[in-house]
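As a plain string of letters, each chain reads:
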Amino acid sequence: MSVDTATVKKVAALARIAITDEDASRLAPELSNILGWIEQLGEVDTTGIEPMTAVIPNTLRLRDDVVNADPLTGGGIREALMTNAPQAEHGFFTVPKVIE
Amino acid sequence: MADLTDLGIAGIRDGVRTGAFSATEVADAFVVKVAKAKPLNAFLVETPDHALAAARAADAARAAGETLKPLAGVPIGMKDLFCTKGVATTAASHILEGFVPTYESTVSQNLWDAGAGMLGKLNMDQFAMGSSNETSAFGNVVSPWRRPGDAAPLAPGGSSGGSSSAVAARLVPGATGTDTGGSIRQPAAFVGISGIKPTYGRCSRWGTIAFASSLDQAGPMARDVRDCAIMLEAMAGFDAKDATSLKLDVPKWEHGLSSNMAGKRVGIPREYRVDGMPGEIEALWQAGIDWLKDAGAEIVEVSLPHTRYALPAYYIIAPAEASSNLARYDGVRYGLRDLPEGAGLQDMYAATRADGFGAEVKRRIMIGTYVLSAGFYDAYYTQAQKVRALIARDFDRAWEQCDVLLTPTAPSAAFALGEKSADPLAMYLNDVFTVPSSLAGLPAMSVPGGLDKDGLPLGLQIIGKALDEQGVLNAGLAIEQRAGFTARPDAWW
């Protein structure tokens, strides 16, 4: 698979990473090379094989449906949640204006 | 008194228990070593107070006649992928610069509960993506090893390179690592120490910064097999906060250690004899076979037919999961925010991520985004997950013929910093022997086997059945006792 600079820019936009034209020209052959190598997987006959979803057999547990079952991951920790925010006001995360 | 930093985990634990020395003396000795070792750049944050507080608690417990905890008096290093409450945690990325967790990862909490103290946070490849520790945003880690008469800095391996460098240089008796495709085993091999990745699900991933969630596993890195067993016992255990955590008791691995391999069958996978394998690696592998035979094991040749597809499958699955996991770094809730003048929300995301992520991280996010994008998902991601199922099936079939597998850990000894960083694919090939067992979630460890012609360490890998860490540790011990690996780097730092 050969990836051109337009594709690189599209993927970067999907990944929300700003890139310059220069970056895109540098990344196009790099990604082409890596994706070309990955393509050998197409040779493998996987007829009738289920894609793996869990490496070790395990069942998903359900916890009791109660508020704050685990105090660490439950509610009431707004201050701790906001501590590392680059910008927080009045107990909210703030972002640039999104509605005109 | 002998230098306390020459002691491993078991030696420190036992000496503190008998009163041969105090835990505070041990912590002081390591703190001095850490402070002097700046040229290795193994530490991102030094936390002498944490180590000393744990040491004083151990000494006080002993003075009061209490039973000491399993790791009482043992100071360790913590890979910077583990969130540590009140101590900066960055995953060696600029995007998390200044992030100070308000909670403690389960693995680190387990270690503190066992009485261990922390000497500091260890440098690593950024977001655990790399095999040489050159992708850290805070400078390369340097291996304590050098080629004779050559001061060129060597790679400590990656991604747990701060951990490997610190253990090999005896700045810490043991350190945590994490392994997604070989990030404990390859660095352990590069610096002549031991390290084990347990079965997927043994160690909780809660509070460990995510790279590829279906592969990430924490494990210990230490000087020998016994120390790994002791430390893994403290790190492992069921955790309700991780949906993939295994609800199983933690075996007494240290107590179960035995190097008698009588009645055990050791499989030698023929597909691991790759083209262009250096003669020294080949010779080391043969030495490992002879050692395990000497320990009483029967050697059988086995086949893992899909081995050559493991790396390409890994380089679809891991970047795909990374692209999803790393979407959280958006400049809103934590970490860096880059808000260009007049920028809107989307521009802020893109600018923040462009500025905050290193080149390798961006490369992998973009590969992941590409293989998951509309029209390509089935051809890449679904196919990779099918191949992954075939790789796991290969191992299942091998277990009908053998109990553990023996392979080299890495295709070469440590390379010089800069030697492979220009070619991402050449770097990825470092993990050729470690990735298959990661994809299958199996326990695997590296133990030092010998030195190459330049006097640099080489490692042997043992892969075991799911949940059979004991079998892996025991085979590792059998090799360790016969390899007689005592080489250590001369301190130049």
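Computed from a predicted model, the values in this text were never measured in an experiment.

Bringing the overall build of chain A into the picture now. Of regular secondary structure, chain A possesses three helices and two strands. Each helix and strand of chain A, ordered N terminal to C terminal, gives the series α-α-α-β-β. Relative to a compact globule of 100 residues, whose C-alpha radius of gyration would be 13 Å, chain A shows 23 Å and is clearly more extended. Along the three orthogonal principal directions, the C-alpha set of chain A runs to about 50 × 45 × 25 Å. The proportion of buried residues among the 100 residues of chain A is 29%.

The two faces of the sheet receive side chains in turn, since in a regular strand these alternate between them. All names here are of chain B. Among the five residues that make up strand E7 (residues 265-269), four are buried, leaving the element largely enclosed by the rest of the structure. Sheet topology note: the E7/strand E8 (residues 298-302) ladder contains five bridges and is parallel. Opposite Gly267, over in E8, you have Val300 as the bridge partner. Following the backbone out of E7, through helix H8 (residues 279-294) and into the adjacent parallel E8, one traces a crossover that is right-handed. For E7 and strand E9 (residues 404-408), the ladder comprises two bridges, and the chain directions are parallel. Counterpart to Gly267 in the pairing with E9 is Leu405.

Okay, the packing of aromatic side chains next. Residues and elements named next belong to chain B. On inspection of all chains with the given rule, the structure shows 17 aromatic pairs over all chains. Members of the aromatic cluster, connected to one another through ring pairs, are Phe99, Phe127, Tyr329, Tyr334 and Phe357. In this structure, Arg273 is placed above the aromatic ring of Trp285, and the distance from its NZ or CZ to the ring centre is 4.4 Å.

Close approach of charged atoms lets side chains of opposite charge pair. Taken as a whole, this structure holds 26 salt bridges over all chains when the rule is applied. Here Glu469 of chain B and Arg202 of chain B are joined by a salt bridge, their closest N and O atoms 3.1 Å apart. Taken together, the residues Glu469 of chain B in helix H15 (residues 469-483) and Arg202 of chain B in the loop between strand E5 (194-197) and strand E6 (217-222) connect sequence positions 267 residues apart. In this structure, Glu469 of chain B and Arg202 of chain B share a single accessibility class: buried. In the salt-bridge network here, residues are joined through shared partners; they are Asp23, Arg26 and Glu30 of chain A together with Glu360, Arg363 and Arg364 of chain B.

This paragraph deals with the side chain of Glu321 of chain B. Residues and elements named next belong to chain B. Mapped onto the elements, Glu321 comes out in helix H9 (residues 310-325). Buried Glu321, no salt bridge; nearest opposite-charge side chain is Arg388, N-O distance 4.4 Å. For Glu321, the side chain forms a polar contact with the main-chain nitrogen of Ser213, separated by 2.8 Å. Those residues in contact with Glu321 that lie beyond four places of it in its chain are Phe211, Ala212, Ser213, Ser214, Leu215, Tyr381 and Arg388.

It is worth spelling out the interface of chain A and chain B at this point. Frequently, the measure chosen for interface size is the accessible area removed from exposure when the parts meet. Residue-level contacts link 50 residues of chain A with 74 residues of chain B. Here chain A meets chain B over a buried area of about 5,100 Å², counting both sides, of which 71% is carbon and sulfur. At the junction of chain A and chain B, the tally comes to two salt bridges. Inspection of the region where chain A meets chain B yields 18 residue pairs in polar contact (both at pLDDT 80 or more). Elements represented by at least two residues in the side of chain A that touches chain B include exactly helix H1 (5-14), helix H2 (21-38) and helix H3 (78-82) of chain A. Of all the elements, H2 of chain A adds the most residues to the side of chain A that touches chain B, at eight residues.

Structurally, Gln40 of chain A can be placed in the loop between H2 and H3. A distance of 3.1 Å separates a polar side-chain atom of Gln40 of chain A from the backbone oxygen of Trp37 of chain A. Ignoring any residue separated from it by four or fewer positions in sequence, one finds Gln40 of chain A in contact with Arg308, Tyr309 and Pro312 of chain B.

The calculated volume of the largest pocket comes to roughly 640 Å³. Forming the walls of the largest pocket are 24 residues, and the residues nearest its centre are Leu81 of chain A together with Cys83, Phe99, Tyr103 and Tyr334 of chain B. Considered class by class, the residues forming the lining of the largest pocket number 16 nonpolar, five polar and three charged. Volume-wise, the second largest pocket comes out at about 450 Å³. Broken down by element, the lining of the second largest pocket gets its largest block of residues, three residues, from H9 of chain B. Residue composition of the lining of the second largest pocket, by class: eleven nonpolar, five polar and five charged.

What counts as what
Residues numbered from 1 in each chain as written. Chains lettered and ligands numbered in written order. Predicted model: local features only at pLDDT ≥ 70, side-chain atom pairs only at ≥ 80, totals over all residues. Heavy atoms only, no water. Helix = DSSP H or I, 4+ residues; strand = E, 2+ residues; numbered from the N terminus. Rg over C-alpha atoms; globule rule 2.2 N^0.38 Å. Buried < 20%, exposed > 50% of the residue type's maximum accessible area, 1.4 Å probe, protein only. Pairing = 2+ DSSP bridges. Right-handed = clockwise from strand over helix to strand, strands pointing away. Phe/Tyr/Trp six-rings, centres within 6.5 Å; stacked < 30°, edge-to-face > 60°. Lys NZ or Arg CZ within 6 Å of the ring centre and 35° of its normal. Salt bridge = Lys/Arg side-chain N within 4 Å of Asp/Glu carboxyl O. Lys, Arg positive; Asp, Glu negative; His and termini not counted. Polar contact = N/O pair within 3.5 Å; in protein donor to acceptor, adjacent residues only side chain to side chain. Contact = heavy atoms within 4.5 Å. Buried area = accessible area lost by both parts, 1.4 Å probe. 1 Å grid on protein atoms, 1.4 Å probe; cavity = no way out; pocket = protein on both sides within 12 Å on 5 of 7 lines; lining within 4 Å. Points joined across faces, edges and corners; volume = space filled by probe spheres on them. Nonpolar A, V, L, I, M, F, W, Y, C, P; charged D, E, K, R; others polar.

None of the figures reported here should be taken as evidence of function without further support.
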